[in-house]
Amino acid sequence: MDIVEEIKEIARRAKEQVEKINSASDLLSWEKSVLGRKSRLSQLMRNIKDLPLEQRREAGHIANQVKQELQEIAAKLKSSLQQAEKQKQVDVTWPGEKPQRGHLHPVSLVQRELEDIFASLGFIIEDGPELESEYYNFDALNIPAYHPARDMQDTFFTVGGDVLRTHTSPIQVRAMQKYGAPLRLIAPGRVFRYEASDASHDFVFHQVEGLMIDKDISIANLIAIAKEFLSRIFTQDVEVRVRPGFFPFVEPGFEMDLTCILCQGKGCSACKRTGWMEFMGAGLVHPRVLEAGGIDPQEFSGFAFGFGLDRLIMLKYRIDDIRLFHSGDVRFLQQF
Amino acid sequence: MKVALSWLEKFVQLPPNLSAKEIAEALTLSTVEVEEVVDLSEQFNNMVVGKIVEIKPHPNADKLRLAMTDIGGGEIKQIVCGGTNLFTGMLVAVALPGSFVKWHGQGDLVKLEKAKIRGEESFGMICAAEEIGLADLFPQATGTEIINLSFLEVEPGTPLGKALSLDDFVLEIDNKSLTNRPDLWGHYGIARELSAIYQVDLGKVPVDRINIDNKSNILRVNIKSSDCRRYLGAMVQGVKVGPSPWWLASQLFKVGIRPINNIVDLTNYVMLELGQPLHAFDASYIPGGDIVVRPANSDEPFQALDGKEYKLSATDLVIANHKQPIALAGIIGGADSAISDVTSAVIFESANFDPVTIRRSSKRLGIRTDSSARFEKGLDPELAYLGMRRVLTLVSKLFDEVKIEAVVDNYLEPLQPAVITVNLDFLNKKIGQEIDISEAADILRRLDFSTKVKGKTMEIKVPTWRSTGDISLPEDIVEEVARILGYGNIRPSLPIVKLYPPPPDRMRKLKRQIKNYLTFSADLTEVLSYPFVDEVVKDKWGFNDGDLVYLQNPIASNLNILRPTLLPNLLKFLLDNMRWQEQVGLFEIGRVFRYQPSEWPRTPKGDSFLPWQDYHLAFGLAGKSAEYYLRAKGIVEGLLDYLHISDYKWQEAGDEFAVEMGKTLQLYLLINNENIGSIFIPNQDLIKAYDIESEVVMGEFNFNILARNYHSQHQYTPLPKYPSVVYDLAVIFPSEVKWEEIVGVIKSASNLARKIYPFDVYHGKQIPAGHKSIAFTIEFADPDKTLTSSEVEAEIKNILKLLDEKLGGKLRQN
C-alpha cells in the first residue's frame, strides 16, 4: 500500500476508536498505540526519510497533519474526561449553602405592601401618637363624653387621663390640622382595646386608617378605591359589599364586607355561610370632623375607612391565632 | 336585640314567599346588621302534644309509671314517666324518638331513642319544662313535675312548637349597629324599615283614646329637673296580678324576656313592641298619688329591684314619693314599690329622660337594663305618649274590672322636629351618581319624612323619632336615601382629582432601610411585643416612678406600666426562644413612653402636651456559648456604614455617661456628639430570673434622634490612581494596651497608613506573661505616586519605633 494511503487509513481507524473511549486509562493506551514511539504511525514517519524526494514531501506533510490532529483530539478528550471526573465528585442533590438571614414581622411585610399600593396612588403615609388625648381619640371625632359610641371601644386610660388610642382615626384630625385640604393619606398603626384576648381578638392590634379629602368625594369613589386596594392585596378580584354601619365620625357610615377569600363567596364556616367577610368600617367624613380639622365642609368632602391589619394578615397567610403576632416566637416569625 | 318575625308581621304585610333569611339580609343591607336568624320551631322537632289516656303502674319501679299516650293519628304509645302531676286526660309535651332534649335540664342536648326503661318500652318521653328549655314559661314547683298543657285547645299530635305558638323566626340584631337609632329598639321601628324597604304599608299601633287630666287630684307629677323631658302617669285600679295569658308570656319568651307577672309583662311587651320603656308602681307606695321627679340627694340610699342597695349622687335622677326614691329614673325600679301579688292599684309611668344623665348613672352604678339601653340612645318624647296609650289599651283588654282613674302628661317643651333642606346636586355629589329627585323623595316618604320638592330642592321634615340627634344634617339625608336605594346600586368610580405629590417621608424610609439591614444583613428577626411592663423597670432597670406612665385599668396587674424601654420584653423574648434555639437574634422598633412632654399637643390649643413617646430601636443576641459583644458592636457599626454615617464614636460608660442599672460593659454610641443609645451585657440576675443558661448582649437606641442626625449626603471617593501596599505585622504589647491607642500611634507615625485593622490576638506560651500579641494589617498608599518598597520599609520602621516608645510594643520574632 502507498504510504500516504496507509497514514490516512491509520487516522481513520484511530478516530473510529477514540469515539468509544470514556476513561482516562483507555485514552492513555489509545495514545500509546496510535501516537507512541512504537506505533505504526511513528514507524512510518521514521521511514519517510527513505522515500524519494517527491513522495517524501507529500508523505511528510500528511503524516505531520495526522499526528497533530490526533494529538489535538487526545488533548480535548483528556480535558473533557477530567471535567467529567470532577463533576462526579459533586453531589448536586446536596442542599445549597444559604446565607443566614433574619425575618421581617408579617405586620411589617403586609404593612409595606399597603403603603406601596397607596403611595403609588399619591397617598401620604402618616403616623401619630399611640398614647392619645381623649380630645383626639373621641371628641374631635364627634364622640362626645357619655355618648354610647364610647362603649363601642373599651379603652385603656392612663393615670394622667390620656388614653391608648382605640383606633387610628385620631390621625385623621391631626393630619387635617397639619396638611389642610386636599389630603389623602393612610395611617397604619397600633391600637389598643381594653378587652379579653382570644384566638381572634387581642388587646393590642393594628389598624390602617384611610382618608381622602378633596372636592366632591363620593361614596362611589370610596367603593372604587376599596375594591382597587383589596384586589391588589389579595392578588385576586374581590367584590365589596356595602351596608349601613354606625361610626360617629362618618356620615353616612358603612360596613364594607368583601367576598370571603377562603371560599370565594360560596359560603363556609369562616364567613358564617354568607359568602361575605366583615372587613372594614368606612364612610364619608362627618362635617363636624372636617370642622375639627379646620377644613370647610362646604368646600371639601372626603371619605375615610379603617380596617384591622392583623385580620388581613391572618386571612392572607391563613393564620389561626392573632396572639402569635406578639408572641416573639421565632418558629412563627421564621415563616415570613 | 331579638326580633320575632310574627311580631313584625302584625304591622307590615311582607311580600309572600320571602324567607326569614332574605328578610334578615334586606335589613342588613339597608338598616341594621342581623347577626343570626333562629328558627324557634327547630328545637321542638319531633315533639307533639300528647293526651294521657291511661296510667298503669311500672312493674319494676315505684316512682315510675306507664303512661298510655295518644300522640295523634290514632296512635296510643306507652311512655315511661316519673311525673308526679300526671293524670288521665292531661295534655302533655311528648318528645318522640329523634328529638333533642336536655336530661334534667342539664348538660348538652341529647338525641332521644326508643328505649327500655327498667324493662319497659318507652316511646320517647313526657317532658318537664327544663328538659325542653321552657322553664321560664312553666315554672316547676318540683323537679319531678311535667308540663301541663291542658289549657291548650289542641288535638293530640299537634306539633309542640305550633301548639305553643312558638313556631316563629327570631332575628338577632347587633346592638352596636343600633347605637345611633333610638327608633329601632322595638318591633314597630324595624317594621317601619321593612315597610320602606319592601314598599308596603305600615299598620297603625292599635290604641284607644286617653283623657289627659293634668289637674287631677288622684295623681300629680312634679318635675324638678330638666333631665326629665316628659312624664306621663296613669292611675289604674282593679287589676289582678298573676301569671300572664299565654299570648303575652309566649311573645316575651320568644324574644328572650322572662315572663314575671301580667303587669310587668305588659310594660315589657310595650317596650319590646314600641321601644318605649315603661314602669309600673304599686300605687299604695305613692300616698296621695304624689310623684316627684328630682335629682337624688348625695349619698341617698336606694333599694333597687335587683336586691341591691345603691348610694346615689346628685347627678342621678330619681322618681320619688313624698319621702324617698321609688325608682332610679329610666334605669331600674325600687324594691318596695314593685308590683306584687297583693297589688290592686297600679301607677304606670311612660316618660322621657335625658340620655346623658341615664348613661352617666348607669355607668357609674354599673346597672345596665333594657330600659337604660334605650333611654341612653335619646328617645322620642312622643313615643312616651304612644307607649302610655298602648299599655292602657292592653291593660283594659286584660282585666274586665279595670278602671283608669287619671292620666297626667307633663310635657313642658315639646320637641321640634328637625327641618332640613337638601339640594339634589348635593345628594348626587355625595353618592357619586345621578339620583332621580322623585325617587329620593319617595324613599324619604316611605320612612315617614314629609318632603316638599321644589325644583332641585327638597324641604324635609324629619319625624320626631329621628329628631333626637340621629338626623340633623343634609349628610344624614344622604344616608337615608342611599341605604334604601341600596349601596349595591352605586357604581364604583375612581375619583378625579388634581395631582399633588406627598411630602418626602424620611422617617419611614429610614425605618425600612434599618429593618432591611437588621434582617437581611445582620441576621436578626423582627418581633413585636406588648407595650406594657411591670415594676421590674423600676427595680431592675432603674426607672423612677416620676418617669413612668401608669395605666388606670391594666389588663393584668403585671401589665400596669407603659414601657419606658423595649429591653425587658425583648430580653424575655430572647430567653423564651433559647428554649428551642441554639442562638437567637431579635430586634424591635416601637414607641416607648415616659412622663415628660412630647411634641404632640393634647388639643389644637397646644397648651398641654402628651407624654413623650419616641420610637426606640432595640436588638439582642443570645446563645449558649459564643461571645456576642463584638458582633453586637459590629451590627451597629455595619448599620452606620450602610447609612454612611461616619461622624460617630463609641464611649465607655463612666464619667460623662453613667452606667445605667442592669447593664455591664455599657458602651454609648455618639453621633455628632449626641447620645443615641448603647450596647451592653444585661446583668446576670436579669437572666437568671428565666432559669435558662445563656449569654446575652443587647443594644437600645433612640430612633428619633438617630433619624434627626441622619443626612443622606453621601458622595463617592475617586478610585486610587496608584496601588496600595498591604503589610502584616505581629506586635507584642502589654495586656492593658487598647486597640484604639495602637491605631492612634500608627497614624501619628505614618501619614501613608490608610487603613489599619486587626486580625488576631494571641496570648500563649511564646508570649511573656502580662502581654498579648496583636497581628494587624496596614494598608499604605500615596495618592500621588506608587510607593517603593524602601519607602514602605521606612514607614514600618518608624511605626515600630513609636509603638515601642509610646506603648511598649515589640515586633514579635517567632
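In this text the structure is predicted, and so the values were computed from the model without any measurement.

**Structural notes on the overall build of chain B**
A count of helical and extended segments in chain B gives 20 helices and 42 strands. Here the C-alpha atoms of chain B give a radius of gyration of 42 Å, more than 25% beyond the 28 Å that 2.2 N^0.38 yields for 814 residues. Reported as C-alpha extents along the three principal axes, the dimensions of chain B are approximately 130 × 85 × 60 Å. Counting across all 814 residues of chain B, residues that qualify as buried make up 53%. Sequence separation of 24 or more characterises 70% of the internal contacts of chain B that already satisfy a separation of 6 or more. Total accessible area on chain B is roughly 37900 Å²; 50% of this is exposed by carbon and sulfur atoms. Taking the average place of the 89 positive charges on the side chains of chain B and the average place of its 107 negative ones, the gap between the two points comes to 3 Å.

**Topic: the overall build of chain A**
Of the regular secondary structure elements, chain A holds eleven helices and nine strands. Over its C-alpha atoms chain A spans a radius of gyration of 40 Å, topping by over 25% the 20 Å that the globule rule assigns to 336 residues. Its C-alpha atoms put chain A at 125 × 45 × 45 Å along the principal axes. Every one of the 336 residues in chain A was classed for burial, and the buried ones make up 57%. Here the analysis covers contacts within chain A between residues at least 6 apart in sequence; of these, 68% occur between residues at least 24 apart. Total accessible area computed for chain A in this model is approximately 15400 Å², and 49% of it derives from carbon and sulfur atoms. Looking at charge distribution, chain A has the averaged site of its 42 positive side-chain charges lying 13 Å from that of its 48 negative ones.

**Brief notes about a positive patch on the surface**
All names here are of chain A. Together, Lys 32, Arg 37, Lys 38, Arg 46 and Lys 49 make up a positively charged patch on the protein surface. Within the element layout of this structure, Arg 46 appears in helix 3 (residues 40-48). A relative accessible area of 45% places Arg 46 in the partly exposed class.

**Points about the nonpolar core**
Among the nonpolar cores identified, the biggest contains 169 residues, and Phe229(A) and Phe348(B) are the most heavily contacted of them. Broken down by element, this core gets its largest block of residues, nine residues, from helix 8 (residues 219-233) of chain A. Setting aside chain neighbours within four positions, we find Phe229(A) in contact with Leu114(A), Ile117(A), Phe118(A), Phe279(A), Met280(A), Phe305(A) and Phe307(A). Residues Val221(B), Ala296(B), Phe375(B) and Ala406(B) belong to the second largest nonpolar core, which totals 37 residues.

**Topic: the domain arrangement of chain B**
In terms of domains, chain B is made up of domain 1 (2-33 + 174-198), domain 2 (42-163), domain 3 (220-411), domain 4 (419-489), domain 5 (506-708) and domain 6 (725-811). Each of domain 1 of chain B and domain 5 of chain B was reduced to a C-alpha centroid, and the two centroids are 55 Å apart.

**As for the packing of aromatic side chains**
In this structure the tally under the stated criterion is 31 aromatic pairs over all chains. Taking the centre distance of 6.3 Å and the plane angle of 45° together, the rings of Phe247(A) and Phe249(A) count as tilted. We note that Phe247(A), like Phe249(A), is buried. Seen in terms of ring centroids, Phe138(B) and Phe151(B) are 6.4 Å apart; in terms of plane orientation they differ by 45°. Their pairing is tilted. Of this pair, Phe138(B) sits in the loop between strand 11 (125-126) and helix 3 (160-163) while Phe151(B) sits in the loop between strand 11 and helix 3, and the two are 13 residues apart along the sequence. Residue class for Phe138(B) comes out buried when judged on its relative accessible area of 13%. According to the relative accessible area criterion, Phe151(B) is partly exposed, its value standing at 43%. By the ring-pair criterion, three or more aromatic residues cluster together here, those being Phe118(A), Phe123(A), Phe229(A), Phe279(A), Phe303(A), Phe305(A) and Phe307(A). Above the ring of Trp580(B), the side-chain terminus of Arg331(A) is found at 3.5 Å from the ring centroid. Geometry around Phe680(B) places Lys663(B) over its ring, the cationic atom sitting 4.9 Å from the centre.

**Considerations on the interface of chain A and chain B**
Taken together, the contact pairs 95 residues of chain A with 86 residues of chain B. For the pair chain A and chain B, the two sides together bury roughly 7900 Å², of which 59% comes from carbon and sulfur. The salt bridge partner of Arg190(A) is Glu588(B), with a shortest N-O separation of 3.9 Å. Connecting chain A to chain B are 36 residue pairs in polar contact (both at pLDDT 80 or more). Looking at the side of chain A that touches chain B, its residues break down into 42 nonpolar, 26 polar and 27 charged.

**Let's talk about the pairing of strand 4 (residues 65-70) of chain B**
Residue and element names in this part refer to chain B. Most of strand 4 is tucked away: five of the six residues are buried. As paired elements, strand 3 (residues 47-57) and strand 4 share six bridges and run antiparallel to each other. Pairing of Lys 51 across the sheet is with Asp 70, part of strand 4. Taken together, strand 4 and the strand that follows it, strand 5 (residues 76-81), pair antiparallel across an intervening segment of five residues, in which Gly 72 is found at a positive phi of about 90°.

**Regarding the pattern of salt bridges**
Going through the model one piece at a time under the given rule, you end up with 64 salt bridges over all chains. The shortest N-O distance in the salt bridge between Arg12(A) and Glu9(A) comes to 2.6 Å. Taken together, the residues Arg12(A) and Glu9(A), both in helix 1 (residues 3-18) and three residues apart, mark about one turn of the helix. Relative accessible area serves as the criterion here: at 44%, Arg12(A) is assigned to the partly exposed category. Between Lys377(B) and Glu376(B) there is a salt bridge; the shortest N-O distance is 3.1 Å. Side by side, Lys377(B) and Glu376(B) carry an identical accessibility label, which is buried. Several salt bridges converge on common partners, so that one network encompasses Arg181(B), Asp183(B), Glu193(B), Arg466(B), Asp470(B), Glu480(B) and Arg483(B).

**Quick word on a negative patch on the surface**
A surface patch of negative charge is lined by Asp2(A), Glu5(A), Glu54(A) and Glu58(A). By secondary structure assignment, the location of Glu58(A) is in helix 4 (residues 53-89).

**A word on the sheet that holds strand 29 (residues 549-550) of chain B**
Residues and elements named next belong to chain B. What the three strands build is an open sheet, ordered 28-30-29; its pairing is antiparallel. Of all the strands in the sheet, just strand 28 (532-533) and strand 29 have a single pairing partner and so form its edges. Strand direction decides the pairing type here: strand 28 and strand 30 (residues 561-562), joined by two bridges, are antiparallel. Residue pairing in the sheet places Phe 532 in a bridge with Leu 562 of strand 30.

**Notes on the sheet that holds strand 2 (residues 34-39) of chain B**
All names here are of chain B. Reading across the sheet, the three strands line up as 1-12-2 and stay open at both edges, with antiparallel pairing between neighbours. Both outer strands of the open sheet, strand 1 (2-4) and strand 2, are each paired with one neighbouring strand and no more. Across the sheet, the axes of successive neighbouring strands diverge by a mean angle of 25°, strand direction being ignored. Here strand 2 pairs with strand 12 (residues 169-173) via five bridges, running antiparallel. Bridge pairing links Val 37 to Leu 171 in strand 12. On top of the sheet, helix 2 (residues 20-30) reaches strand 2 and strand 12; it is set at about 165° to strand 2, its chief contact.

Cut-offs used in this document
Residues numbered from 1 in each chain as written. Chains lettered and ligands numbered in written order. Predicted model: local features only at pLDDT ≥ 70, side-chain atom pairs only at ≥ 80, totals over all residues. Heavy atoms only, no water. Helix = DSSP H or I, 4+ residues; strand = E, 2+ residues; numbered from the N terminus. Rg over C-alpha atoms; globule rule 2.2 N^0.38 Å. Buried < 20%, exposed > 50% of the residue type's maximum accessible area, 1.4 Å probe, protein only. Contact = heavy atoms within 4.5 Å. Areas by Shrake-Rupley, 256 points an atom, 1.4 Å probe, with all protein chains shown as cover. Lys, Arg positive; Asp, Glu negative; His and termini not counted. Charge placed at Lys NZ, Arg CZ, Asp CG, Glu CD. Patch = residues over 30% accessible without salt bridge, like charges linked within 9 Å, V, L, I, M, F, W, Y side chains within 5 Å. Salt bridge = Lys/Arg side-chain N within 4 Å of Asp/Glu carboxyl O. Core = buried A, V, L, I, M, F, W, Y, C linked by side-chain atoms within 4.5 Å. Domains from an automatic or database assignment. Phe/Tyr/Trp six-rings, centres within 6.5 Å; stacked < 30°, edge-to-face > 60°. Lys NZ or Arg CZ within 6 Å of the ring centre and 35° of its normal. Buried area = accessible area lost by both parts, 1.4 Å probe. Polar contact = N/O pair within 3.5 Å; in protein donor to acceptor, adjacent residues only side chain to side chain. Nonpolar A, V, L, I, M, F, W, Y, C, P; charged D, E, K, R; others polar. Pairing = 2+ DSSP bridges. Axes fitted to C-alpha atoms, helices over the stretch in contact; angles between N-to-C directions.

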